[in-house]
Amino acid sequence: MQTFLIILSIVLLLCCAWILLAAPGGRRKQTRGFAKVKYAHRGLHGAGRAENSLSAFRAAADEGFGIELDVRLSKDGVPVVFHDAELSRVTGDCRRVRDLTAKELSELSLSGTAEGIPTFREVLDTVAGRVPILVEIKEDNAKEKDVTPAALALLADYRGEYLIEGFNPFSISAVKKLAPDTVRGLLCQHFTAEKSFRTISYRLLQHFLLNVLCRPQFIAFNREHRNYFPFRLQKAVFRVPAFAWTVRSAEEEAECVAAGFDTVIFENYLPDGGRVSGAGEKKDVL
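Keep in mind that this is a model prediction, so the values were computed, not measured. Note that residues are indexed from 1 along each chain, following the sequence as it is written. Under the rules for a predicted model, residues below a pLDDT of 70 receive no local features and side-chain atom pairs below 80 are neither given nor counted, while totals for whole chains, interfaces and linings still include all residues. Each side-chain value is derived from all of the structure's non-hydrogen atoms; neither hydrogens nor water enter the calculation.

Enquirer: Could you give an account of the overall build of the chain, with specific residues and numbers?
Expert: Helix and strand content of the chain: 13 helices and nine strands. Over its C-alpha atoms the chain spans a radius of gyration of 19 Å, differing by no more than 12% from the 19 Å that the globule rule assigns to 286 residues. On the principal axes, the C-alpha backbone points of the chain span a range of 75 × 40 × 35 Å. Across the 286 residues of the chain, 54% fall into the buried class. Should any heavy atoms of two residues lie within 4.5 Å, those residues are considered in contact. Intrachain contacts of the chain at a sequence separation of at least 6 include 62% that bridge at least 24 residues. Asp and Glu are treated as the negative residues and Lys and Arg as the positive ones, with His and the ends of the chain left uncounted. For this purpose, a charge sits on NZ of Lys, CZ of Arg, CG of Asp or CD of Glu. Side chains of the chain carry 38 positive and 35 negative charges; the gap between the two charge centres is 7 Å. Elements are defined by DSSP. Helices are runs of H or I of four residues or more, strands are runs of E of two residues or more, and each kind is numbered from the N terminus. C-alpha atoms define the radius of gyration in this analysis, and the globule rule sets the expected value at 2.2 Å times the number of residues to the power 0.38. For each residue, the accessible area found with a 1.4 Å probe, counting protein chains only, is set against the maximum for its type, and the residue is called buried under 20%, exposed over 50%, and partly exposed in between.

Enquirer: Would you mind going over the pattern of salt bridges in detail, with residue names and values included?
Expert: Whenever Lys or Arg places a side-chain nitrogen within 4 Å of a carboxyl oxygen from Asp or Glu, that contact is recorded as a salt bridge. Scanning the model with the defined rule gives 17 salt bridges in all. Notably, a salt bridge pairs Arg42 with Asp70, separated by 3.9 Å at the nearest N-O pair. Taken together, the positions of Arg42 in the loop between strand 1 (39–41) and helix 3 (54–63) and Asp70 in strand 2 (residues 66–73) put the pair 28 residues apart, joining distant regions of the chain. Here Glu107 and Lys103 are joined by a salt bridge, their closest N and O atoms 2.6 Å apart. Taken individually, Glu107 and Lys103 each receive the classification exposed, so the pair is uniform in this respect. Look at the salt bridges and you will find they share partners, linking Arg42, Glu51, Asp70, Asp84 and Arg89 into a network.

Enquirer: Could you give an account of unusual backbone geometry, naming the residues involved and the relevant values?
Expert: The general pattern is negative phi for most residues beyond glycine and trans for most peptide bonds. In the segment running from Trp245 into Thr246, the intervening peptide bond is cis, with an omega of -25°. In this structure, Thr246 sits in strand 8 (residues 242–247). Non-glycine residue Phe208 carries a positive phi angle of around 65°. Looking at the secondary structure, you find Phe208 in the loop between helix 9 (200–206) and helix 10 (211–214).

Enquirer: Describe the nonpolar core, and please don't skip the residues or the numbers.
Expert: Buried residues of nine kinds, namely Ala, Val, Leu, Ile, Met, Phe, Trp, Tyr and Cys, make up a nonpolar core once their side-chain atoms join them within 4.5 Å. Residues Leu69 and Phe120 are the most contacted members of the largest nonpolar core, which totals 58 residues. No other element matches helix 7 (residues 147–155), which puts six residues into this core. Contacts of Phe120, omitting those with residues within four sequence positions, involve Leu69, Val71, Pro79, Val80, Val81, Val135, Ala151, Leu154 and Leu155. Ranked by size, the runner-up nonpolar core spans 13 residues in total, among them Val37, Phe218, Ala220 and Phe243.

Enquirer: Give me the packing of helix 6 (residues 120–127) against helix 7: which residues, what numbers.
Expert: Viewed as axis vectors pointing N to C, helix 6 and helix 7 meet at an angle of 30°, and their least axial separation amounts to 10 Å. With respect to each other, helix 6 and helix 7 are oriented roughly parallel. As helix 6 runs across helix 7, the sense of the crossing is right-handed. On the side of helix 6, the interface is formed by Phe120, Arg121 and Leu124, while helix 7 contributes Ala151, Leu154 and Leu155. Amino acid classes used here: Ala, Val, Leu, Ile, Met, Phe, Trp, Tyr, Cys and Pro are nonpolar; Asp, Glu, Lys and Arg are charged; the rest, including Gly, are polar. In terms of residue class, the contact of helix 6 with helix 7 is built from five nonpolar, no polar and one charged. Think of each axis as a best-fit line through the C-alpha atoms, taken over the contacting stretch in the case of a helix, with angles from 0 to 180 degrees between the N-to-C directions. An angle below 35 degrees is read as roughly parallel, one above 145 as roughly antiparallel, one from 65 to 115 as roughly perpendicular, and any other as oblique. Should the near helix be turned anticlockwise from the far one by less than a right angle, the crossing is left-handed, and should it be turned clockwise, the crossing is right-handed.

Enquirer: Account for the packing of aromatic side chains, naming residues and giving values.
Expert: Only rings of Phe, Tyr and Trp enter the pairing, Trp through its six-membered ring, and a pair is recorded when the two centres are within 6.5 Å. The plane angle decides the type: under 30 degrees is stacked, over 60 is edge-to-face, the rest tilted. Tallied over the entire structure, the rule returns 14 aromatic pairs. Seen from their ring centres, Phe167 and Phe191 are 6.1 Å apart, and the 70° between their planes marks the pair as edge-to-face. Taken as a pair, Phe167 in the loop between strand 5 (162–166) and helix 8 (169–178) and Phe191 in the loop between strand 6 (184–188) and helix 9 lie far apart in primary sequence, 24 residues in all. Residue class for Phe167 comes out partly exposed when judged on its relative accessible area of 29%.

Enquirer: A description of the pairing of strand 9 (residues 263–266) should follow, citing residues and the corresponding values.
Expert: The side chains of a regular strand alternate between both faces of the sheet. Residues Thr263 and Ile265 of strand 9 are buried on one face, and the alternating residues Val264 and Phe266, pointing to the opposite face, are buried as well. The definition of a right-handed crossover adopted here requires that, viewed with the strands pointing away, the path from the first strand over the helix to the second runs clockwise. Taken together, strand 8, helix 12 (residues 250–258) and strand 9 constitute a β-α-β crossover, and its handedness is right-handed.

Enquirer: Account for the side chain of Asp70, with residues named and values stated.
Expert: A relative accessible area of 0% places Asp70 in the buried class. Two N or O atoms form a polar contact when they lie within 3.5 Å of each other; inside protein one atom must be a possible hydrogen donor and the other a possible acceptor, and for residues adjacent in sequence the pair counts only when both atoms belong to side chains. Within polar-contact distance, the side chain of Asp70 engages the side chain of Asn52 at 3.0 Å. Leaving out residues up to four positions away in the same chain, Asp70 has contacts with Arg42, Asn52, Val80, Val81, Phe82, His83, Glu136 and Lys138.

Enquirer: Give a description of helix 7 that names residues and reports values.
Expert: Across the nine residues of helix 7, seven count as buried, placing the element largely inside the fold. Taken together, the buried positions of helix 7 are Val147, Thr148, Ala150, Ala151, Leu152, Leu154 and Leu155. Buried residues along helix 7 sit in contact with strand 2, strand 3 (79–81), helix 6, strand 4 (133–137), strand 5 and helix 8.

Enquirer: Lay out the packing of helix 3 against helix 6 in plain terms, naming residues and giving numbers.
Expert: Where helix 3 contacts helix 6, the axes come no closer than 9 Å and their chain directions differ by 25°. With respect to helix 6, the axis of helix 3 lies roughly parallel. For the element pair helix 3 and helix 6, the recorded crossing hand is right-handed. In this structure, helix 3 contributes Leu54, Phe57 and Arg58 to the contact, and helix 6 contributes Glu122, Val123, Thr126 and Val127. Taken together, the residues that form the contact of helix 3 with helix 6 break down as four nonpolar, one polar and two charged.

Treat this as a map of the structure, not an account of what it does.
Okay, structure coming up:
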């Protein structure tokens, strides 16, 4: 009997520790509003429009979809919108984003189009508050701490709806500290399913044990790992809003809805409706 009580006490202690560490931020009203919006992954690209281009963002806004985008810093410290650390996949240039100034980046061709890499300011001016923006902060390592404050400085005067996400919990922790009223989320997946991510930090992250650093108000999770037990537990215990990435068909969207996701970050197809009626209105999200 004594052994049973000791084991039970240890189990209860571990459960309490997990709840303390993995608990998200408060389920605020504006978070629920954002979770009713569908987000075009890097804009509505395709048909001659490159990903993360002004034309892709303009097209998404015209269709009424929210916009997911990525923010990095140029060599001269200007926030620019580009996904990869290296330029080669989209521009053919072998250098890194941080190797070039904002002007030099703007002169590169995105996927062979006439458009270059836009600054974050240009994107904000293009969207102009028409649809919500889901901003992914690209701080890839502990040395990159300057993207978050630079992006927040531009967003401070933006008269539109936005929320922020990132894979780096320290980046999202900075959002919590510098802009506590901004809705923030953590990007996650079953990292150690891939050999390159089998480190202690990624194991902690995929079990949501680093939530304690930033208290995310939503989770953006890889739809391919939707049955991963820690994610299912996070949803069941905390009912945290969940955004599915990246969804590429109506069939995949239906699977995500069945798995309990609240909304999708999509590409390569057009979902029905950019936002649910009433979602993202000022009374809900600001």
